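Overview (structure and organization)
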Amino acid sequence: MSGILNSSIGRKFAMALSALFLMVFLLQHFAINILSVFSAELFNEASHFMGTFWAVQFVLQPILIGGVIFHFVMGFILELRNNRARQKSYVKNNGAANSSWMSRNMIWTGLAILAFMVLHFYDFWAPEINIKYFKGDTSGLMDPNDVDSGFRYYEELTHKFVDIWRVALYCIAFAFLSLHLLHGFSSAFQSVGANNKYTKGLKGFAKIYAIGLPIGFIFIALFHHFNH
């Protein structure tokens, strides 16, 4: 693994794989969250399953956290190396002519997403870990002493979107996510060698994903804010 990461092509390939993995996770995350718009019961059931199933908690969750850390660290490393390469080059780079705004600002959109993830972890992941592993309550109930109190997941989600400032931050973060994905999605496929007769189709799908998924998350936040 270290040998692969020592080469520029290897680092880009590894970065692309981590990006594709995180894109799959985003789609799965959206699929569960959009349930909250249609049915509180379905959302509660899905959230409880994901929050208590051992394979999700002790296999997939650590892999996901590792993937997030790896993606951001590798992104910073690639950005630093690219900056050094540009400084050594004798050929003036006309960035506006040779590359898109999204590709030149991946590090900044990535930092904005990282800041959002800190807020998101603070809002949802940290309290969940505290309840399950420090307080020892894995029931998922609003009142663990009352089996008829119902699951707490929907109430916790909707409560977070009462404050307009938090909703605004979420919307801004997903706008940055869209900008990041507009370049990152197609770049990831290119890095793993998907340059063939399907390239045009992949680019079309990438745009739909990069724009549609963040809009979907924004819709969820706005829906719960205006219907709380």
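All of the points below concern the structure found in this document. Quick caveat, the model's predicted, so the values are computed rather than measured.

Thresholds applied
- Residues numbered from 1 in each chain as written.
- Predicted model: local features only at pLDDT ≥ 70, side-chain atom pairs only at ≥ 80, totals over all residues.
- Heavy atoms only, no water.
- Helix = DSSP H or I, 4+ residues; strand = E, 2+ residues; numbered from the N terminus.
- Buried < 20%, exposed > 50% of the residue type's maximum accessible area, 1.4 Å probe, protein only.
- Areas by Shrake-Rupley, 256 points an atom, 1.4 Å probe, with all protein chains shown as cover.
- Phe/Tyr/Trp six-rings, centres within 6.5 Å; stacked < 30°, edge-to-face > 60°.
- Expected span 1.5 Å × (residues − 1).
- Bend = angle between axes of the 7 residues up to and from the residue.
- Salt bridge = Lys/Arg side-chain N within 4 Å of Asp/Glu carboxyl O.
- Polar contact = N/O pair within 3.5 Å; in protein donor to acceptor, adjacent residues only side chain to side chain.
- Contact = heavy atoms within 4.5 Å.
- Core = buried A, V, L, I, M, F, W, Y, C linked by side-chain atoms within 4.5 Å.

In terms of helices and strands, the protein chain carries 11 helices and 0 strands. Classification of the 228 residues of the protein chain by burial places 38% in the buried group. On the protein chain, roughly 13,800 Å² of surface is accessible, and the fraction owed to carbon and sulfur atoms is 68%.

The next thing to look at is the packing of aromatic side chains. Scanning all chains against the criterion turns up 16 aromatic pairs. Measuring from ring centre to ring centre gives 5.1 Å for Phe 49 and Phe 53, while their planes differ by 15°; the resulting arrangement is stacked. Residue Phe 49 is classed as partly exposed on the basis of its relative accessible area of 45%. By relative accessible area, Phe 53 is classed as partly exposed at 33%. Arranged with centres 4.9 Å apart and planes meeting at 90°, the rings of Phe 116 and Tyr 170 form a pair that is edge-to-face. Of this pair, Phe 116 sits in helix α8 (residues 106–134) while Tyr 170 sits in helix α10 (residues 164–191), and the two are 54 residues apart along the sequence. An aromatic cluster is defined as three or more aromatic residues linked by ring pairs; in this entry it consists of Phe 30, Phe 116, Phe 161, Tyr 170, Phe 174 and Phe 217.

A separate point is α10. An ideal rise of 1.5 Å per residue puts 40 Å on 28 residues; α10 measures up with 39 Å between its terminal C-alpha atoms. For α10, the principal kink sits at Leu 181 and spans about 35°.

Under the defined criterion, the tally for this structure stands at 6 salt bridges. In this structure, Glu 156 and Arg 152 form a salt bridge, with 3.1 Å as the shortest nitrogen-oxygen distance. Relative accessible area serves as the criterion here: at 5%, Arg 152 is assigned to the buried category. Its salt-bridge partner being Arg 166, residue Asp 163 comes within 3.9 Å of it at the nearest N-O pair. By relative accessible area, Arg 166 is classed as buried at 9%. Through salt bridges with shared partners, a single network forms among Asp 123, Lys 160, Asp 163 and Arg 166.

Inspection of the secondary structure assignment puts Arg 152 in the loop between α8 and α9 (153–160). Only 2.9 Å separates the side chain of Arg 152 from the side chain of Glu 128, close enough to count as a polar contact. Apart from the residues lying within four places of it in its own chain, the contact partners of Arg 152 are Asn 44, Glu 128, Ile 131, Gly 140, Leu 141 and Met 142.

Before going further, it helps to examine the nonpolar core. Judged by nonpolar contacts, the single largest core of 39 residues is most densely connected at Met 23 and Tyr 209. Those elements that place two or more of their residues in this core are α2 (8–33), α4 (40–52), α5 (54–88), α8, α9, α10 and α11 (199–226). Those residues in contact with Tyr 209 that sit more than four places away from it in its chain are Met 23, Val 24, Leu 26, Leu 27, Leu 181, Phe 185 and Pro 214.

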